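Geometric and topological summary
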Amino acid sequence: ARAGSQWTGSQWTGIPLITLSLLFQMVLDFVVVPSWRTRRWRGSSRFDRTRRHVSPIDLPGAPVLVASVTETGKSLSTQERKHREIAEKVWLDARENFVDPTMNGLDWDLVKKDLLSRRLHTKADLYASLRWMLSLLNDPYTTLLLPADYSTFRESIEGSEIGIGASVRLKNNSSSLLSVLLNTFSPSKKPRDIELCDVLKGGPALRAGLKEGDVVVAVDRRPTSTMSVKDISDSLHGKDRTRVELLIQCAPGTFRKFSVKREKVQIDTVFSEIVVVESKKKKKNVAYLQVTEWSKNSFKESLRALGGFLADDGTPVDALVIDLRDNSGGVLPDAIEFTRLFVKKKGAKLVNFVVRGETSASVVETSTFTWVRDAILDLLSGSKWRRKSVVSDKIPICLLVNQNTASASELVAAALRDNCRATIVGTKTYGKSSIQSVVQLEDGEAAFKLTIATYTTPLGEPITGIVPDIFADYLPKGKRAVAHIFPRLAGKLSRKLSICTPPT
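Residues numbered from 1 in each chain as written. Predicted model: local features only at pLDDT ≥ 70, side-chain atom pairs only at ≥ 80, totals over all residues. Heavy atoms only, no water.

**Comments concerning the overall build of the protein chain**
Where we set the bar: Secondary structure elements are taken from DSSP: a helix is a run of H or I of four residues or more, a strand is a run of E of two residues or more, and numbering for both begins at the N terminus. For every residue, the accessible area (1.4 Å probe, protein chains only) is compared with the maximum for its type, and the residue is labelled buried under 20%, exposed over 50%, or partly exposed between those bounds. Every accessible area reported is derived by Shrake-Rupley at a probe size of 1.4 Å, with residue values counting cover from the shown protein chains alone.
Tallying secondary structure elements over the protein chain gives 14 helices and 19 strands in all. Each of the 504 residues in the protein chain was classed as buried or not, and the buried ones make up 39%. As presented, the protein chain carries roughly 28,400 Å² of accessible surface, and 55% of it is formed by carbon and sulfur atoms.

What follows is the structure in structure tokens.
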């Protein structure tokens, strides 16, 4: 060593070795190691310590193939793959069945690429993407039904619901439309009474001792003053065999608790009664038949109602009033079968369907089923020679409609009018002439509605709102309308039918 030097030769030659080892460790820590550590940091349950080479997918900005594990134990990539399959099936169903084969002038293959390039990690992502795709078709009736909406839709179609068999409404409600909307969808800041209504016979609410008009103060210990009417109504529904607690005000300062078990209850869609009216100093028996919506049970309920008309005291029915006011539609096959009860002529046209530009007609056909059905009605009447059948061609029919009569109900009205079986009384109908199919998604919770066809009247006219034969906007609700129709409009009804010419 040189004089004055502080380092020995061995010490001096050791510095490069230490430096090289430190540099090597830094390279290992900051270049190679992060490539395989990254996969572990991002949640991979499997990471291989022996694989330390750098591959393209490990570079910053490249996609990571191994996704994180969710709380349910399913990897996000698996769920996203399932969502992509669901989205692709909806896309395909729309392409093959949408009423407009041009798909609103869109390149549907390009829409598919855009759809599958969107984020589909969660169900919320899936629903948002499907809603976006369906909105491109620019059809107000083609839409996505979220789980809550789909559940309500199924209940209305099936004709049943899980609840207590009662509804709620505002007592002494204001007639202002703004007031109705505010009270329905928002909590009230002022004291108001919520009362029970539409209490079903034999339902859970009635069996528990509740009755129509009972004032509901609280639902499950939550004051109704802090809830909207919709929230209160939703609280009455829920899972089967669960209970809901209602606090009822019996008198000022007096309250009583009711614990009601929710269960599946049948929703009646057909209501009937014989109304006796005075006409030219003579009593006439008018059969009143109201259909509130078309469910899968409506046709069967109508048959029972007609049988009830025929099995009273043996006196003939002089006229039939069918009330379709505020009936916005529903299950189309039941509406068509209902129409066939009154239009019996073989070959009579009921409706024209237009599917992707091709027109087909639904006509009356004589079959064993119709023969048996008519025979049952005759048996219910006691004797077809002694009594008139309520579905006889000789009995005049008055059909009531208003601005809320739509879809399948308009089909019934047009078929009975064009085949000279009924006189339409009321106001112009809504004007909906399209048919939707409802397809459940594979997740079993949501569904989508797709317009698959349109229809016209038996005379081939588009339904943009059916104009009544006799305009009447003053008719009261329910069976009370019968007293206003007869005898005031009896002459007009007969004259309208006498000049009617059925389609050929």
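**Some words on the environment of Lys428**
In plain terms, the rule: Residues count as neighbours in contact if any of their non-hydrogen atoms are within 4.5 Å of one another.
If you trace the backbone, Lys428 turns up in the loop between β16 (423-426) and β17 (434-440). For Lys428, a relative accessible area of 44% puts it in the partly exposed group. Between the C-alpha atoms of Lys428 and Val401, which are 27 residues apart in sequence, the distance is 7.4 Å. For Lys428, the contacting residues outside a window of four places in its chain are Asn402, Gln403, Thr464, Gly465, Ile466, Val467 and Pro468.

**Quick word on the packing of helix α10 (residues 332-340) against helix α12 (residues 408-418)**
To be explicit about the condition: Axis lines are fitted to C-alpha atoms, over the contacting stretch for helices. Their N-to-C directions set the angle, which ranges from 0 to 180 degrees. Here is the rule for angles: anything less than 35 degrees is roughly parallel, anything more than 145 is roughly antiparallel, 65 through 115 is roughly perpendicular, and the remaining ranges are oblique. The hand of a helix crossing depends on one turn: near helix anticlockwise from the far one by less than a right angle means left-handed, and clockwise means right-handed.
Running from amino to carboxyl end, α10 crosses α12 at an angle of 20 degrees, the nearest separation of the two axes being 9 Å. The orientation of α10 with respect to α12, classified from their angle, is roughly parallel. Considering only the axes of α10 and α12, their crossing is right-handed. Between α10 and α12, the residues in contact are Leu332, Ala335, Ile336, Phe338 and Thr339 and Ala408, Leu411, Val412, Ala415 and Leu416, respectively.

**Notes on the nonpolar core**
Note the threshold: Put simply, a nonpolar core is a bunch of buried Ala, Val, Leu, Ile, Met, Phe, Trp, Tyr and Cys residues held in one set by side-chain atoms that sit within 4.5 Å of each other.
The biggest cluster of nonpolar side chains holds 43 residues, and the ones touching the most others in it are Ile322, Phe342 and Leu399. Looking at this core, the elements that each hand over two or more residues are β11 (282-291), α9 (298-310), β12 (319-323), α10, β13 (349-355), β15 (397-401), α12 and β18 (447-456). Sort the elements by how many residues they give to this core and α12 lands first, with seven residues. What Ile322 contacts, discounting residues up to four positions off in sequence, is Leu289, Phe338, Phe342, Ile397, Cys398, Leu399, Leu400 and Leu416.

**Here's the deal with the pairing of strand β7 (residues 243-251)**
What counts here: The rule for pairing is simple: two strands pair if DSSP sees at least two bridges between them.
Inspection of the sheet shows strand β5 (residues 215-219) paired to β7 by four bridges, in the antiparallel sense. Bridging from a neighbouring strand, Val216 pairs with Ile248 of β7. Pairing analysis gives eight bridges linking β7 to strand β8 (residues 254-261), with the strands arranged antiparallel. Paired with Val244 across the two strands is Val260, which belongs to β8.

**Quick look at the packing of aromatic side chains**
The condition that has to hold: Note on ring pairs: Phe, Tyr and Trp rings are taken, using the six-membered ring of Trp, and paired if centres are within 6.5 Å. Classes follow the plane angle, with under 30 degrees stacked, over 60 edge-to-face and the rest tilted. Criterion for a charge above a ring: Arg CZ or Lys NZ at most 6 Å from the ring centre, at most 35 degrees from the ring normal.
Under the criterion given, the structure shown has two aromatic pairs. Look at Phe338 and Phe342: their rings are 5.2 Å apart centre to centre, the planes differ by 65 degrees, and that puts the pair in the edge-to-face class. Look at Phe338 and you get buried, because its relative accessible area is 0%. Counting every residue linked through ring pairs, the aromatic cluster contains Trp294, Phe338 and Phe342. For the cation-ring pair, Arg118 lies above Trp132, with the distance from its terminal atom to the ring centre recorded as 4.5 Å. Above the plane of the ring of Tyr150 lies Arg154, whose end atom (NZ or CZ) is 4.5 Å from the centre.

**Side note on the pattern of salt bridges**
Filter applied, for reference: By definition here, a salt bridge exists when the distance from a side-chain nitrogen of Lys or Arg to a carboxyl oxygen of Asp or Glu is within 4 Å.
Under the defined criterion, the tally for this structure stands at 16 salt bridges. Notably, a salt bridge pairs Glu195 with Arg169, separated by 2.8 Å at the nearest N-O pair. In this pair, Glu195 is assigned in strand β4 (residues 194-197) and Arg169 in strand β3 (residues 167-170), connecting sequence segments 26 residues apart. Among the ionic pairs, Arg340 bridges to Glu337, the shortest N-O distance being 2.7 Å. A residue pair is termed a helical-turn pair when its members lie 3 or 4 positions apart in one helix, as Arg340 and Glu337 do in helix α10 at three residues. You can call Glu337 partly exposed: its relative accessible area is 21%. Beyond isolated ion pairs, a larger network of salt bridges with shared partners links Arg169, Glu195 and Glu212.

**Focus: the packing of helix α3 (residues 108-116) against helix α4 (residues 123-135)**
The relative placement of two packed helices is expressed as an angle between their axes plus a distance between the axes. As a reminder, the rule being used: Side-chain classes follow a simple rule in which Ala, Val, Leu, Ile, Met, Phe, Trp, Tyr, Cys and Pro form the nonpolar group, Asp, Glu, Lys and Arg form the charged group, and the remainder, Gly included, forms the polar group.
For the pair α3 and α4, interaxial distance at closest approach is 11 Å and the crossing angle is 160 degrees. Between α3 and α4, the crossing angle belongs to the class labelled roughly antiparallel. In this structure, α3 meets α4 at a crossing whose hand is right-handed. Only Ser129, Trp132 and Met133 of α4 make contact with α3, whose side of the interface consists of Trp108, Val111, Asp114 and Leu115. Here the contact of α3 with α4 is composed, by residue class, of five nonpolar, one polar and one charged.

**Topic: the side chain of Asp418**
Definition in use: Pairs of N or O atoms within 3.5 Å make up the polar contacts considered here, provided that, within protein, one atom can donate a hydrogen while the other can accept it, and that residues adjacent in sequence are counted only when both atoms are side-chain atoms.
Examined against the element boundaries, Asp418 turns out to sit in helix α12. Exposure remark for Asp418: the relative accessible area of 5% places this residue in the buried category. A distance of 3.1 Å separates the side chain of Asp418 from the side chain of Arg417, its partner in a polar contact.

**Side note on the side chain of Arg325**
Here Arg325 shows up in the loop between β12 and α10. On the basis of relative accessible area, Arg325 is assigned to the buried category, the value being 13%.

**Concerning the confidence of the model for the protein chain**
Here is the rule: pLDDT expresses, on a scale from 0 to 100, how confident the predictor is about each individual residue.
For the protein chain, the mean per-residue pLDDT works out to 79, and 70% of the residues sit at or above 70. Taken together, the stretch residues 173-182 has pLDDT below 50 and engages in five contacts with residues farther than four places along the chain or on a different chain. The model gives residues 379-388 a pLDDT under 50, and that stretch makes 21 contacts with residues more than four places away or in other chains.

**Notes on helix α8 (residues 229-236)**
As a reminder of what qualifies: In this description, the arc belongs to the directions extending from the helix axis to the C-beta atoms.
Within the span of α8, buried status applies to Val229, Ile232 and Leu236. The arc enclosing the buried residues of α8, seen along the axis, measures out at 65 degrees, which places them on a common side.

**Notes on α12**
Of all 11 residues making up α12, 11 are buried, and the element is well covered by its neighbours. Residues of α12 that are buried: Ala408, Ser409, Glu410, Leu411, Val412, Ala413, Ala414, Ala415, Leu416, Arg417 and Asp418. Buried positions along α12 lie against β12, α10, β13, β15, β16 and β18. Just downstream of α12 lies Cys420, where phi reads positive at about 60 degrees.

**Remarks on unusual backbone geometry**
One non-glycine residue, Arg221, lies in positive phi territory at about 65 degrees. Structurally, Arg221 can be placed in the loop between β5 and β6 (222-223). Residue Arg221 is classed as exposed on the basis of its relative accessible area of 69%. The phi torsion at Arg241 lies on the positive side, around 70 degrees, for a residue other than glycine. Summarising the element assignment, Arg241 is placed in the loop between α8 and β7. Given a relative accessible area of 64%, Arg241 falls into the exposed group.

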